[in-house]
Amino acid sequence: MSNNSPTSSRHPSGARSPPPTSHQSPNRDVLSAPIAPSSFYGGNNASTSGLGSSHTAYIPPEASPFREPELVSEEPVNPGTQQDTVTSTTDWNDVGDTPWQFDSAWAGNWGDASATKIVDIDGRNEEEELNWFDAEMRQQCARPGPGVLPPVLAHLLHDSAHTLYSVVPSKPELQHDAEHRPTTEEVRTAVPHANAYYCKEDNGWIFLLWRFSSVLPPLVNGFSPAHPLPDLERRKKSQPCVGEGEQPFGQVNMTHHWHHYPQAVDGKALNPPFSQSHGDCDLLDLYLCCQCSLYCLASAVIPGVLPRNLVENLTREKRTHPSPDKTPKASILATWETILTIIQNRLFRNETRLLPVTRPRFNSKIGWSDLVRRVFETLGFKSDVFSESNNELALHPPEINPATPEGKLNRARLLRAWVEIAAWLTIFEKTNKDPLGNYIPTVQEVKTDNVRELIQSAIGAHVNQIPRGLVPTSLENAPGLDEAWCSLGLTPTSYLPKLLCFAYLAQCRCDPANTKTYFTHLFNIVNTMINSHETPPQELQSLIMDERARFRYTADDLREHISVLGFGRDSELGVELDDDVDDEFILQAWRNARRRAWRDTSKGAERRKDLDEALRAVADERGSKVLRKAWEEERGSGMTPDAAYSTLEVPKDVDESMLITVYMMRIEDTPSQADRMREAMNVIAEVTDSERLRQFLSSGRDPGDLSNSTAPDMPRGLNQLGNTCYLNSLLQYFYTIKDLREAVAPLAHADTKSLDDSKFTDDDLKRHRVGGRLVTRREILRSKKFVSQLAELFFNLEYCEEPAVTPSLDLAKLALVTSQDEEEDDQRTTGTDSSNDTDATLVEDVPMRTPHERSSPSPIETPADSVLGKRHREMGSGMDVDEPLEPPSAPTSPPHDAVPANQVASSSKLKEPEDVEMQDATPAKAPPLPPRKPRPTDDSVMMFGRQHDVSECMDNCMFQIETALLDFQQEKAAIEDDKTSVVKRLFYGKKRQRLTPLTASDDTRHKSSIHEKEDLFSHLHVNVSEEGYDLYDSLGRYFDDIVELDGQKKRMEVSLVDLPPLLQIQLQRVQFNRETQQAYKSQAYVKFGETVYMDRFLESADPEKKARAKGVQAELNAARDRVQRLTEGKHAPFAPALGGVADFLSTYAVDAPEADESLVAAVRDERERVAAQLEQERGRAAQLKDALEDVWRGDRGAAYELTSVFVHRGSSPSWGHYFFYSRHLPERPDVWFKYNDSSVTVVSKDEVLADTTGSTANPYMLVFARKGCETIQTVKRFDPQALQEMQE
Ligand SMILES: [Zn+2]
Ligand SMILES: [Zn+2]
Ligand SMILES: [Zn+2]
């Protein structure tokens, strides 16, 4: 078989074999190795273990040969050395059907029922185990990692279905001394090594050595194990784990704990050396017990002279096609005995005659076949035509004269084969019980002894040491436990309750990092018993109780804990608990959840307990000292707030200074009650969410009036209302806008009646448009309600003394549900006219659904559906300038569903002749994205109706504010609205869009090919997909883009005609992957600063500069495209990929003729070239970017200052956590507030402007205010001080 592939050539048979390839490795490795017995039998220094083949006889254990799994020992294990000191407080016989539960009463018991007493095990360290999650401590303790118990080691040493034999050959007694006859020493050393054992199934050998020694065997040079070696000092000092009479102080360990170090020892360095290959070294696997000084060395299978499959095939052929006069067994024996005789004759009688293979004698004994030919050729015989006349075939025996190198090799090979076949025959004859007929087998010159029990005794796996077959039926065939047994280093057949305890404790001791995994497996095993109505043994019950009391948790527990804390996509926080979430955030979530739990009178206590447990588990899982400390200090009792106040004997409205004074007094008076007082203080700190009390409790010092979060002049937070996610950010943002706040203020506290004053006629209604359409009476009423609620919230934000305000449910509903949704719901549920009373249509309290559940089946629609923003550049519908100005036919048509934000209020576009050039623009025909489909019906049952994405919600709020504030008093109506509407005045600018053919060959002067129109906008939607772009780059792409319209690519240029006071830039983080057909969130960092200058985007910008910038931009785009081609795509980045190819070619593919040195060199050159080119392009791009900025450096007339940043945290485009930054304007522009639901904190501008690369928390909307417009007044708080001063 010739094959260039480096992978397939190792397995000529193509068999699926396990990685240790020596099992299958080509036989020539052995054959070509010069086997010089003197080289591996150094002097007379016999193996000290004295247990191997050929040198020493050994005394077999008393027990008769057995097959491991069936055996059951009647004797108890190690009687008298163990005592069951555990007493359980619960009757486990009652477990029955009830699920696995732990009574908290047990937990208190673990101190004396310590796990250490359940089984004999030493080397544990309580502190280390309690801090298993502490990476630093793990590093210090350097434990050896996972281990296995002896029954598993038996499997690891050699396939446990196979039996190993020691083999002692002796020289045949012959009358004549023949030439070149092997010496007694040669015969004795025909086995591979004194410590080699024969396996008939493999027709091969295993080197196996075990020793009690404080000295380790010689490790290979540069040995660097995956896990540290066990503590060698400890191994030296301790007694063997298994054995009798050697442990004066009683048994310390129940059994060995074995650790595997693959290929750790060089066989050649042993004495005597072990050497089979001619390679650099013969690597042996090392197994160390971490508790005593026993170690074990094992080789992979050393293949015999005849490959395993050759022996099997010939044997099978004889079994299925026996000689007519013999039974199958006799036929097999006769064949191999004849082969053996031929070898023996050659070796010991110097038989050199040809062996005719077609004659009857050979045929009756062996028969000539291709298999037989291969057997003999492998042995060194050559088949040939020996007589020209009759064309007869014969075998030429090999030369065995030790004086020639070839003879020496043949001789050693033949001797080895002789020993192997003789051993094979002896074992086969002994163990095969098939009938022999009248055949009398030959007695062989080789003595074989089963060493299975010897080896098992040596490593502690003997049935007298660990009984088998005691596994309860519930575990015996339990599916899914394989992983559990394997992970704990135990086999199911050797299960014993105490052994399982030992295995678990030993794994946790030696591999603390995976404590959770081991506990999960232990728990699964015990739980499997319970589920099949079996009472788990006392030891296991106690162990699980002990471990629970030490805060062990399973993988399932952890998932549960995480959701208890409110994490997970369907939970209230709407964010996964991943590495990106910091400790502070988790702590906040825990405190909030605990506070909410206090309000729950029925299940609050239970919930608080769950929360405490959850925090502890999450702290451990993350190895977080911060969380662990918080858990220790703040975890609560079952004390209710009422009990807490009465414990301290204070009224509920006591102020904090007084409370602290009273507390200190009480402790001084009754020190015995200190713990209880402290507990009460903790509860009060928690219920009142007092940072001051919290700090006092943890430091023992009163920090004074902390004010930070509750200072009168601090902005107030907004408590979370179910899944309102992004709404709080939006409401806070609105509150920072002074003009908006003032415009809605008069509507606060208005009653329904005063809102519903219909002092306007239907004609009045027709004169006003909002969002490009007419509005209904019902919409006006609804909008007024919304604005009234908003005004009330604003009032609370101004006057409330609490740190956080709770928005009303109505406000949330009105903000999140559009009037369109509402009417659709009406029609669906009642089938009545949409002019029904609005109140009736609000949705009842039904389980709420999160936005992601609404995800649409249409892949194209998905990105648009996101909570992170609208689809990018809905330009098709943006060109609808030729639309008639008449009101839309259906006055209730949705304001937002089909109309993008950049066109809201398109009614106000100019009616001037700019439009005349657009006759042939037919945008309505083929918008690039389909309009949104009607929503599925089941959405109407959501708590807040349909949840929309952020910008839809924002549009809905702006629409309602505008509608509510419509002024029906004045005559001129619609046109004047632009001036009177606070929404239009603050947020809307005017832009000019220009669509031109892409190709320069087109006549750009041709009027019909240029389209231009003006339009209002309230947001700029900027695409975010590539790394390394700043805000100007992103905006640049918005203002000059290539779009596809009617299947044709066109250039779309946008310029700004009028600038709004507030510039809202939406970062389109939701992108669509065409390959996977899925929407994803782009986490790309877009650099932005405190100021942005919009001059370059103005219609009035210097045309000369514009042209210059355009040229630079084109070059820049080209350079960036080249960088992108070299760094992105399926096989990119290319430079490292090419380097990898070169490495591969030079290392592994030497056999391939085409992979010569020049190819490798060429690939390396290419790599250098690509790397250099990439560097050059990057440099060029940076230069061009600078040049572009230089063009505009002087233009700073249209300066905008950053005022607000909306952040989304999470990796999913459709859900996550939202928070909001607002700059402290106008007073302290360097200070920012972070609004995170109920908490508002002061942060530096560095946090706001930080590079978010690598984080999933990044901005999705930026708001800039025109410099000098003074629209933003971030903090608006009622100041009683000022009022007082005024009165004085
Ligand atoms: Zn084997
Ligand atoms: Zn041991
Ligand atoms: Zn261990």
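Note that the structure is a prediction, hence the values are computed from the model and not measured. (Residues numbered from 1 in each chain as written. Chains lettered and ligands numbered in written order. Predicted model: local features only at pLDDT ≥ 70, side-chain atom pairs only at ≥ 80, totals over all residues. Heavy atoms only, no water.)

## Concerning the overall build of the protein chain
Argument step 1. On a plain count of helices and strands, the protein chain comes out with 45 helices and 31 strands.
Argument step 2. Counting every position in the protein chain, which comprises 1288 residues, the buried fraction comes to 52%.
Argument step 3. Long-range contacts, defined here as pairs at least 24 residues apart, represent 75% of the contacts in the protein chain between residues at least 6 apart.
Argument step 4. Accessible surface, the protein chain: about 59500 Å² in total, of which carbon and sulfur atoms supply 51%. (Helix = DSSP H or I, 4+ residues; strand = E, 2+ residues; numbered from the N terminus. Buried < 20%, exposed > 50% of the residue type's maximum accessible area, 1.4 Å probe, protein only. Contact = heavy atoms within 4.5 Å. Areas by Shrake-Rupley, 256 points an atom, 1.4 Å probe, with all protein chains shown as cover.)

## Comments concerning the pattern of salt bridges
Argument step 1. Throughout the structure, instances matching the rule amount to 58 salt bridges.
Argument step 2. We note a salt bridge from R985 to D739, for which the minimum N-O separation is 3.8 Å. Here the residue R985 occupies a position in helix α39 (residues 982-987), and D739 occupies one in helix α29 (residues 738-744), the gap between them amounting to 246 residues.
Argument step 3. Put simply, K1185 and E1189 hold a salt bridge, and the shortest N to O gap is 3.1 Å. You can see K1185 and its partner E1189 sitting in helix α43 (residues 1157-1192), four residues apart, about one turn around the helix.
Argument step 4. For K1185, a relative accessible area of 12% gives the class buried. (Salt bridge = Lys/Arg side-chain N within 4 Å of Asp/Glu carboxyl O.)

## Observations concerning the coordination of the zinc ion (ligand 3)
Six octahedral donors around a metal ideally sit at 90 or 180 degrees from one another, while four tetrahedral donors ideally sit at 109.5 degrees.
Argument step 1. The protein atoms donating to the zinc ion (ligand 3) are H257 (ND1), H259 (NE2), C290 (SG) and C510 (SG), with metal-donor distances spanning 2.0 to 2.2 Å.
Argument step 2. Considering all four donor atoms around the zinc ion (ligand 3), angles at the metal cover 103 to 120° and the coordination shape is tetrahedral.
Argument step 3. Within one chain, the residues donating to the zinc ion (ligand 3) are spaced in sequence as H-x1-H-x30-C-x219-C. In this pair, H259 is assigned in strand β4 (residues 258-266) and C510 in helix α17 (residues 497-510), connecting sequence segments 251 residues apart. (Donors = N, O, S within 2.8 Å, 3.2 Å for Na, K, Ca; no water. Tetrahedral: all angles 85-135°; square planar, octahedral: opposite > 155°, others 65-115°.)

## A few points about the environment of L1184
Argument step 1. The topology assignment puts L1184 in helix α43.
Argument step 2. Between the C-alpha atom of L1184 and that of E1115, which follows or precedes it by 69 residues, the distance is 7.4 Å.

## Thoughts on the sheet that holds strand β21 (residues 1048-1058)
Argument step 1. In space, the four strands of this open sheet follow the order β17-β16-β21-β20, with antiparallel pairing throughout. Each edge of the open sheet is held by one strand with a lone partner, namely β17 (1011-1017) and β20 (1040-1045). Strand-to-strand twist of the sheet, defined as the mean angle between neighbouring strand axes without regard to direction, takes the value 35°.
Argument step 2. The sheet contact formed by strand β16 (residues 989-997) and β17 spans seven bridges and is antiparallel. Directly across from R992, in β17, lies its bridge partner E1014. (Pairing = 2+ DSSP bridges. Axes fitted to C-alpha atoms, helices over the stretch in contact; angles between N-to-C directions.)

## Let's talk about the nonpolar core
Argument step 1. Core analysis: the largest hydrophobic core is formed by 64 residues, its most contacted members being L297, W336, I339, I343, F376, L379 and W418.
Argument step 2. A per-element tally of this core places helix α13 (residues 405-431) first, with twelve residues.
Argument step 3. Leave out the neighbours within four places in its chain, and I343 touches L379, L414, A417, W418 and I421.
Argument step 4. Counting 57 residues, the second-largest nonpolar core is a separate cluster that includes L747, V983, F987 and V1275. (Core = buried A, V, L, I, M, F, W, Y, C linked by side-chain atoms within 4.5 Å.)

## Section: the confidence of the model for the protein chain
Argument step 1. Here the protein chain averages 76 in pLDDT, and 75% of its residues register 70 or above.
Argument step 2. Across residues 869-946 the pLDDT falls below 50, and counting only partners more than four positions away or on other chains, this stretch makes 188 contacts in the model. (pLDDT = per-residue confidence, 0-100.)

## What about the coordination of the zinc ion (ligand 2)?
Argument step 1. The zinc ion (ligand 2) binds to the protein through C241 (SG), H256 (ND1), C289 (SG) and C292 (SG), with metal-donor distances spanning 2.2 to 2.3 Å.
Argument step 2. One can describe the site at the zinc ion (ligand 2) as tetrahedral: its four donor atoms subtend angles covering 100 to 114° at the metal.
Argument step 3. Here the donor residues of the zinc ion (ligand 2) share one chain and are spaced in sequence as C-x14-H-x32-C-x2-C. Taken together, the residues span a long stretch of sequence, with C241 in the loop between α8 (232-237) and β4 and C289 in strand β5 (residues 283-289) at a distance of 48 residues.

## So, the side chain of S293
Argument step 1. When you line up the elements, S293 lands in the loop between β5 and β6 (294-298).
Argument step 2. Its relative accessible area of 11% is what places S293 among the buried residues.
Argument step 3. Residues within four places of S293 in sequence aside, it is in contact with R211, F212, S213, S214 and R235.

## So, unusual backbone geometry
Argument step 1. Residue P272 is bonded to the preceding N271 through a cis peptide linkage, with omega at -5°.
Argument step 2. Checked against the element boundaries, P272 lands in the loop between β4 and β5.
Argument step 3. Of note, the bond from L1225 into P1226 is cis; its omega dihedral lies within 30 degrees of zero at -5°.
Argument step 4. As for its placement among the helices and strands, P1226 is situated in the loop between β28 (1217-1223) and β29 (1231-1236).

## As for a negative patch on the surface
Argument step 1. Taken together, the side chains of E560, E606, D610 and E613 define an acidic patch exposed on the protein surface.
Argument step 2. Of all the elements, helix α22 (residues 604-622) adds the most residues to the negative patch, at three residues.
Argument step 3. The topology assignment puts D610 in helix α22.
Argument step 4. Given the relative accessible area of 31%, D610 is considered partly exposed. (Patch = residues over 30% accessible without salt bridge, like charges linked within 9 Å, V, L, I, M, F, W, Y side chains within 5 Å. Lys, Arg positive; Asp, Glu negative; His and termini not counted. Charge placed at Lys NZ, Arg CZ, Asp CG, Glu CD.)

## Details of the packing of aromatic side chains
Argument step 1. Within this structure, the stated rule accounts for 33 aromatic pairs.
Argument step 2. Judged by centre distance (6.4 Å) and plane angle (70°), the rings of F223 and Y261 are edge-to-face. Linking F223 in the loop between β3 (204-212) and α8 with Y261 in strand β4, this pair joins segments that are 38 residues apart in sequence.
Argument step 3. Measuring from centroid to centroid gives 5.8 Å for F1206 and Y1260, while their planes differ by 55°, and the two rings are tilted. One end of the pair, F1206, is in strand β27 (residues 1199-1209); the other, Y1260, is in strand β31 (residues 1257-1266), and 54 residues separate them in sequence. Taken as a pair, F1206 and Y1260 share a single burial class, namely buried.
Argument step 4. Positioned above the aromatic ring of Y735, the side-chain terminus of R741 is 5.0 Å from the ring centre.
Argument step 5. The ring of F1219 is capped by K1234, whose NZ or CZ atom sits 4.9 Å from the centre of that ring. (Phe/Tyr/Trp six-rings, centres within 6.5 Å; stacked < 30°, edge-to-face > 60°. Lys NZ or Arg CZ within 6 Å of the ring centre and 35° of its normal.)

## Remarks on the pairing of strand β24 (residues 1078-1081)
Argument step 1. Where burial is concerned, the two faces of β24 differ: the one with A1079 and K1081 is buried and the one with Q1078 and Y1080 is not.
Argument step 2. Bridge count for strand β23 (residues 1070-1073) against β24 is four bridges, and the pairing is antiparallel. Each bridged residue has a counterpart across the sheet, and for Q1071 the counterpart in β24 is Y1080.
Argument step 3. Here β23 folds back onto β24 in antiparallel fashion, the turn holding four residues, of which Q1077 has a positive phi close to 60°.

## Here's the deal with the UniProt feature "coiled-coil region" (unreviewed entry) in the protein chain
Argument step 1. UniProt records the feature "coiled-coil region" (unreviewed entry) for residues 1160-1191 in the present numbering.
Argument step 2. As annotated, residues 1160-1191 comprises 100% helix and 0% strand, and the C-alpha atoms at either end are separated by 47 Å. (UniProt positions renumbered as here; feature names shortened; annotations may be inferred.)

## Some details on α43
Argument step 1. The end-to-end C-alpha distance of α43, which contains 36 residues, comes to 53 Å, matching closely the 52 Å that a straight helix rising 1.5 Å per residue would cover.
Argument step 2. Every buried residue of α43 is listed here: V1160, V1163, V1170, L1174, E1177, A1181, L1184, K1185, L1188, E1189, V1191 and W1192. (Expected span 1.5 Å × (residues − 1).)

## Remarks on the packing of helix α10 (residues 328-348) against α13
Argument step 1. At a minimum axis distance of 10 Å, the contact between α10 and α13 shows a crossing angle of 150°. Classed by the angle they form, the pair α10 and α13 counts as roughly antiparallel. Relative to α13, α10 is oriented so that their crossing is left-handed. The segment α10 lies against α13, with K329, I332, L333, W336, E337, I339, L340, I343, Q344, R346, L347 and F348 engaging R411, L414, L415, A417, W418, I421, A422, W424, L425, F428 and E429.
Argument step 2. Across the contact of α10 with α13, the residue classes break down as 17 nonpolar, one polar and five charged. (Parallel < 35°, antiparallel > 145°, perpendicular 65-115°, else oblique. Left-handed = near helix turned anticlockwise from the far one by under 90°. Nonpolar A, V, L, I, M, F, W, Y, C, P; charged D, E, K, R; others polar.)

## Comments concerning the state of the cysteines
Argument step 1. Considering all chains together, one arrives at zero disulfides under this definition.
Argument step 2. C508 forms no disulfide, and the closest cysteine sulfur to it belongs to C510, at a distance of 9.8 Å.
Argument step 3. For C508, a relative accessible area of 4% puts it in the buried group. (Disulfide = S-S within 2.5 Å.)

## A closer look at the side chain of S729
Argument step 1. Considering the arrangement of structural elements, one finds S729 in helix α28 (residues 727-736).
Argument step 2. Residue contacts for S729: discarding those within four places in its chain leaves F1206, Y1218, F1219 and F1220.

## Some points on the pairing of β20
Argument step 1. A one-sided burial pattern is seen for β20, the buried positions being D1041, V1043 and L1045 and the unburied ones D1040, I1042 and E1044.
Argument step 2. Between β20 and the antiparallel strand that follows it, β21, lie two residues; D1046 among them carries a positive phi value of about 50°.

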